[in-house]
Every structure is written in C-alpha cells, then in structure tokens.
Protein chains: 2
Amino acid sequence: VSIDTTRCSVGILGLGLIGGSIAMALKARDRHRPVMAADRDQSTLDYGLKHGVIDRGSTLPGDLAGAELIILAIPSGHIVKWLEQQACTLPPGTVILDTGSAKRAIVSAMENLPPSLHPVGGHPMAGKEISGIVAAEETLFRGAPFFLTPLARTPAALLRELERFVTLLGAHPLVVEAGAHDAMVGGSSHLPYLASVSLVLALEEMIGKALISRPFFSSGFRDASRLAAGDVEMSLAMCTSNRDHVTRALREFLKQGESLLALLEHEDDGGLRERLGHARSLRSIILPPRV
Amino acid sequence: VSIDTTRCSVGILGLGLIGGSIAMALKARDRHRPVMAADRDQSTLDYGLKHGVIDRGSTLPGDLAGAELIILAIPSGHIVKWLEQQACTLPPGTVILDTGSAKRAIVSAMENLPPSLHPVGGHPMAGKEISGIVAAEETLFRGAPFFLTPLARTPAALLRELERFVTLLGAHPLVVEAGAHDAMVGGSSHLPYLASVSLVLALEEMIGKALISRPFFSSGFRDASRLAAGDVEMSLAMCTSNRDHVTRALREFLKQGESLLALLEHEDDGGLRERLGHARSLRSIILPPRV
C-alpha cells in the first residue's frame, strides 16, 4: 500500500453528521485536497457543493471508485452490506476506513475482501443529538478519541498513515483489536445511552407528561439525559450490532443500581457513603475534573 | 413583613459554592448592599473579604443577627438543626431563606418557628463537581430554576419579594409546595445522580480499573457520568433527606432498565425501537434540543 493520507483523494459514502464533518475538517486544512461524496439524497450533495465541502457529489456509490481513501459514513448495518456487495468492484489499492460504532461484524466483513483492497475499521467517538450535514462542523472531532481497529493483514505502515489522517481531523487515534473495542464501548458508550433512555422513561412514570414540560430541570439532569435525544435508528443499530456486550453492560449496571437501592431501603447510610465515595474517586480517574 | 429584597442587608450562613455565589451575584449587581457571612472556616471568610464578596465575616453564626434576610447555605442536615436551635434568637421580622435540596423536613422545622420570624424554603438548581468558595461564581444561578416553597403562613407579598430576589441572582423562581418539590427533584435531580454513580461503578466491573484511566471516553460518557463526581456528603444528605421519593424513583428507573434489557435479550428490536423513540420524544418535551 502506498498512500499519503495528508493529501490523498477522499471519497465519502454518506454525507451526514460524520461524513460531512470529515469533509469539512479536510477542506479546512487543505482546500485543494480532492474530496468527493456519494449520498442517496441529492439536496445533501447540493448543500455540500454549495458550501465548498466537497468537489463532486453523486447519488451512485459506485462513483466513488477512483478515490484513494474511501470513508464509510453510512449506518452500521449498511456498512456491512456495502462491504459484502460493492467493495469488490473497487480498484486495487483502495484504502477503506469505516466509522461504525461496533467493530466486530464490520471487521469480519472486511476480512473477506480481496487482498488487493486495504480496509481498516474506524470509530470516531464524537456525536450530537442532531444529525445530517446541517449539523456537521469541522471541529466535531477535535480532542475526541478515534478508534482504529486493524485487520490481521493490515500493514503497520498503513495503520500509521491512518493514525496521521485521524490526527489531521483533530482526533486522538487509539489502535485496538475489534473485540476489545466492542467490549469497551459497550460499557463506556452504549450503556450510557440506555441509562439516559431509562432515566427519561422513569421520569415520565414518576411525574407525568404534563409536568415534564415545566422548566424545572437542572443542568445535571440535562447532561444525564442528553444521550436519549440521539437519533433512534443509529442508536438502535449501535445496540443491536453489539448486543452481547450491551446486554452484559446493562445487566451489570442494573446490579449496581439494585445494590444502591438496597442500601437506601435498609438505611445503611454508611454503606451508601462508601459506594458514593468510591464512584467519585473512579470518576476522577476516568476524567479528572476541570476547574 | 416589610422587606425590599433589592437592597436589604443579607447574612449568609455557610460561604461555600452556593453561599459564595449568592454573595458574588449580589455584590456584582450592587456593591453597596451590605452582605455579611458566617462560616466555621476563617480562611473562607478571609477569601470573601479579600475579594470584596462580603463586608463582614464571623465564625459565630449568631453574628448574622441584624441582617434583614438570612440565607442558609450550609448542608441540609445542619439547616434543620440551626432552625431548631438557633433561629429563635433572631430579632423579630427577620426573613429566612434556605438552599437545601429536599424541602419537607426543612419547611416542617420552619413551621415551628415563632410567628415573628418569616422563613421560606428555597432550592437553587445549580451546582458543580467542585465545592467551596473558590468554586463560587456570580453567574452560577444564571438561567437556573430556583424553587421557593412557602409555608402555610407565608404572606403573598413576602413570596413576591423573594421571587424578585431570586431573579436578581439571575435564576427563574418556581413556587411549589414542599412535598411536590421533593417528588419532582427525587426523579429529576436525585435519581440522575444515582444513575450516574451506577454507571461509573458498572464500568469498573466491566473493564477494570486499569483500562478506566485510558482516554477513550466520549463526551456522551463524560456528560452521563458527571454527577458522580459531586461532593459525597452533600449527595448523601440529598438522598437520605428525600429517601422515600429517591427510592421510588430508583425503583422505577431500574424497572425501565429491566424492560430495555428484556427487549434486547429477546431480540425484540421493533419493541426496542418504540421505546427509544418514545424516550427521544419525551426528552424533546423536557428540553428542546438547542441547535
């Protein structure tokens, strides 16, 4: 593989929040880099062309052939189908990077591609409650982790090029095996979403829909429930494509909640204090508070 | 009661995050308004004096006598004790406002005060992961809800004055009965804290302490776990002073989580989609997404 990811041509499949933000970040760094996109929605492509985010757009995915680096920014389930059905028509030497949030099924479909293609799994840990190219921004990936999950056959030099590419977007590359990735995000990314959904659903049961629209929510509630506002189809795909790890994480989460409930019900305030203190110290290891 | 809360003298008991921020907000609006504070920690008072946040400081709570409006910004449990043991020494006509996060026990202690005193329950929905006067800021309450829970005997004119006062701090006053307040915050404020704690504890079980310190967390996880970083003693008091509503909320929350788990385990993806969609639409009623 010989590719220079600081200047190669890029083809983006799916010009939504992620795809659009990648295009913007690339053009912001170097407006001469060739960036094309394929999207089923012509008005999305028109928006991209009008704002100088892409040089060419097409509603036919096959038109991306010729780009040195192809980025798959469509929903996870579609990524697997595209890899199975369309990737093999690409010219030899094409490098492929995806952006799906669970990696085992995708990397396994990548393993089946002919050796002339160079696919690597990718997962930017960045998102928003709103989707589509109108929500895209060139700074979306700034400071965010960007997982890269190489295949057994991925050459070290290609992996280094993709780390450079991710860094260009403003993100921090993290190389990890697909299975380990899925276990990690099951707990750190998919579980928080389901916790947030449970929170909102519980609130409806507790205080009723009428009260919910009154403006008495703290910034704490706003933060804790933010993920529940995420796109439903994307979130559903995220959960079902990582079902084993997500259920394991949710089960563990409910176990922890049950044990807090027991401490509260038995008025074991010393025991409760210990758990709250332990959680606080763990949270400070995860991310030290910023003053 | 005759008080003009736009200019009356204010005595603050407990010059921490909340008390300090109130002092700062008052002085920022009118540096001539007399603001005094009592705190057991002399260095806190020195800090307040040095930064022009208070005019006088004392380590003796009794020295606040003489202030037209006394604000109780000490931990909830201490507020009840102070009301039972010290409030009755205050001069007739003193208005008292507290800032504890659960209101029934406090308002009930307030009901027992002599009719010459004018206590009203208060609860600013603002906070931070860090505490103490060094964390205080004059904008802490800007845009935040500030509950006021009047007593049966509270004159309407006094309530209006306190609404004006809260507005001066930048907050939105919300008048509600103490019991209704506690039910609402049990679900909307105390529950999110326990959900956040469960999340962090579950993560430790799932991926272990060593991995937790690796920088692979999304902004989603950061938001969902932020409340777990809160002060332990304050959070414990918050849970135990509202134990009935908090346990009811936590039980409902776990029930919702169990039902999501069942949908995942039975691969009922249509049912799961329905719940995720419902949560998303509820979240949009709670707080419309800001673009």
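Fair warning: this is a prediction, and the values are worked out from it, not measured in the lab.

Points about the overall build of chain A
Move 1: Each helix and strand in chain A was counted, giving 10 helices and 8 strands.
Move 2: For 291 residues, the compact-globule formula gives about 19 Å, and the C-alpha radius of gyration of chain A, at 21 Å, lands near that figure.
Move 3: The C-alpha extent of chain A, read off along each of the three principal axes, is 65 × 40 × 40 Å.
Move 4: Scored against the burial criterion, the 291 residues of chain A give a buried share of 57%.
Move 5: When contacts within chain A are restricted to residue pairs at least 6 apart in sequence, long-range pairs at least 24 apart make up 70% of them.
Move 6: When the accessible surface of chain A is split by element, carbon and sulfur atoms take 52% of a total near 11,500 Å².

Some details on the sheet that holds strand 5 (residues 95-98) of chain A
Residues and elements named next belong to chain A.
Move 1: A sheet is described by the order of its strands in space; here 8 strands give the open sequence 3-2-1-4-5-6-7-8, paired in mixed fashion. At either end of the open sheet lies a strand with only one pairing partner, and these are strand 3 (56-58) and strand 8 (172-175). Going from strand to strand, the sheet's axes swing by 25° on average, the running direction of each strand aside.
Move 2: Taken together, the 4 bridges between strand 1 (residues 10-13) and strand 4 (residues 69-72) define a ladder with parallel strand orientation.

Looking at the nonpolar core
Move 1: Of all hydrophobic cores here, the largest spans 82 residues; its most connected members are A:L194, A:L250, A:F253, B:L194, B:L250 and B:F253.
Move 2: Once you skip the residues sitting within four places of it in the chain, A:F253 turns out to touch A:L191, A:A195, B:A195, B:S198, B:L199, B:A202 and B:F253.

Observations concerning the interface of chain A and chain B
Move 1: Counting residues at the interface gives 89 residues for chain A and 89 residues for chain B.
Move 2: Of the roughly 9,000 Å² buried between chain A and chain B, counting both surfaces, carbon and sulfur atoms make up 71%.
Move 3: Counting every contact that joins chain A to chain B gives 9 salt bridges.
Move 4: Between B:R226 and A:D223 there is a salt bridge whose closest N-O contact spans 2.7 Å.
Move 5: Breaking the side of chain A that touches chain B down by element, the ones donating at least two residues are strand 7 (145-149), helix 6 (178-212), helix 7 (219-225), helix 8 (232-240), helix 9 (243-265) and helix 10 (269-286) of chain A.
Move 6: If you tally residues by element for the side of chain A that touches chain B, the top one is helix 6 of chain A, at 23 residues.
Move 7: Looking at the side of chain A that touches chain B residue by residue, the classes come out as 49 nonpolar, 17 polar and 23 charged.

As for the pattern of salt bridges
Any two side chains of opposite charge can pair, given that their charged atoms come close.
Residue and element names in this part refer to chain A.
Move 1: In this structure the tally under the stated criterion is 25 salt bridges over all chains.
Move 2: Here R164 and E161 are joined by a salt bridge, their closest N and O atoms 2.9 Å apart. Taken together, the positions of R164 and E161, both in helix 5 (residues 156-168) and 3 residues apart, correspond to about one turn of that helix.
Move 3: E161 gets classed as buried once you look at its relative accessible area, which sits at 15%.
Move 4: When salt bridges with common partners are traced through the structure, they connect D4, E161 and R164 into a single cluster.

Describing the relation of the copies chain A and chain B
Move 1: For these two chains of identical sequence, chain A goes onto chain B by a turn of 180° and a shift of 0.0 Å along the axis, with RMSD 0.0 Å. Here the transformation between the copies is reduced to the relation of a two-fold axis. Across chain A, the rotation axis passes nearest the C-alpha of A:A224, at a separation of 2.2 Å.
Move 2: With an isologous cut-off of 70% or more, the 100% of interface residues of chain A that recur at the interface of chain B puts this contact in the isologous class.

Some thoughts on the pairing of strand 8 of chain A
Residue and element names in this part refer to chain A.
Move 1: By the bridge criterion, 4 bridges tie strand 7 to strand 8 in an arrangement that is parallel. For F146, the partnering residue across the bridge sits in strand 8 and is P173.
Move 2: Once the chain exits strand 7 it traverses helix 5 before rejoining the sheet at strand 8, and the crossover so formed is right-handed.

As for the side chain of B:S189
Move 1: On the secondary structure map, B:S189 appears in helix 6 (residues 178-212).
Move 2: Residues in contact with B:S189, not counting those within four places in the same chain, are B:M125 and B:M238.

Quick word on the packing of aromatic side chains
Residues and elements named next belong to chain A.
Move 1: One pass over the full model with this rule turns up 3 aromatic pairs over all chains.
Move 2: Centroid distance F141 to F146: 6.4 Å. Interplanar angle 50°. Geometry classified as tilted. The exposure classification of F141 matches that of F146, with both residues buried.

Brief notes about the environment of B:V107
Residue and element names in this part refer to chain B.
Move 1: Topologically, V107 is positioned in helix 4 (residues 104-111).
Move 2: A residue is classified by how much of its surface remains accessible, and V107, at 8% relative accessible area, is buried.
Move 3: On a C-alpha basis, the gap between V107 and A228 in space is 28 Å, while along the polypeptide they are 121 residues apart.
Move 4: Those residues in contact with V107 that sit more than four places away from it in its chain are G121, T149, L151 and A178.

Digging into helix 9 of chain A
Working note: α-helix, 3.6 residues per turn, so residues spaced by three or four point in the same direction.
Move 1: The end-to-end C-alpha distance of helix 9 of chain A is 32 Å, a good match for the 33 Å that 23 residues give at a rise of 1.5 Å each.
Move 2: Just past helix 9 of chain A, the residue A:E267 takes up positive phi, approximately 50°.

Thoughts on the side chain of B:S21
Move 1: On the secondary structure map, B:S21 appears in helix 1 (residues 17-29).
Move 2: Other than its neighbours up to four places away in sequence, B:S21 contacts B:G16, B:A136, B:E137, B:E138, B:L140 and B:F141.

Thresholds applied
Residues numbered from 1 in each chain as written. Chains lettered and ligands numbered in written order. Predicted model: local features only at pLDDT ≥ 70, side-chain atom pairs only at ≥ 80, totals over all residues. Heavy atoms only, no water. Helix = DSSP H or I, 4+ residues; strand = E, 2+ residues; numbered from the N terminus. Rg over C-alpha atoms; globule rule 2.2 N^0.38 Å. Buried < 20%, exposed > 50% of the residue type's maximum accessible area, 1.4 Å probe, protein only. Contact = heavy atoms within 4.5 Å. Areas by Shrake-Rupley, 256 points an atom, 1.4 Å probe, with all protein chains shown as cover. Pairing = 2+ DSSP bridges. Axes fitted to C-alpha atoms, helices over the stretch in contact; angles between N-to-C directions. Core = buried A, V, L, I, M, F, W, Y, C linked by side-chain atoms within 4.5 Å. Buried area = accessible area lost by both parts, 1.4 Å probe. Salt bridge = Lys/Arg side-chain N within 4 Å of Asp/Glu carboxyl O. Nonpolar A, V, L, I, M, F, W, Y, C, P; charged D, E, K, R; others polar. Least-squares fit on C-alpha atoms with pLDDT ≥ 70 in both. Right-handed = clockwise from strand over helix to strand, strands pointing away. Phe/Tyr/Trp six-rings, centres within 6.5 Å; stacked < 30°, edge-to-face > 60°. Expected span 1.5 Å × (residues − 1).

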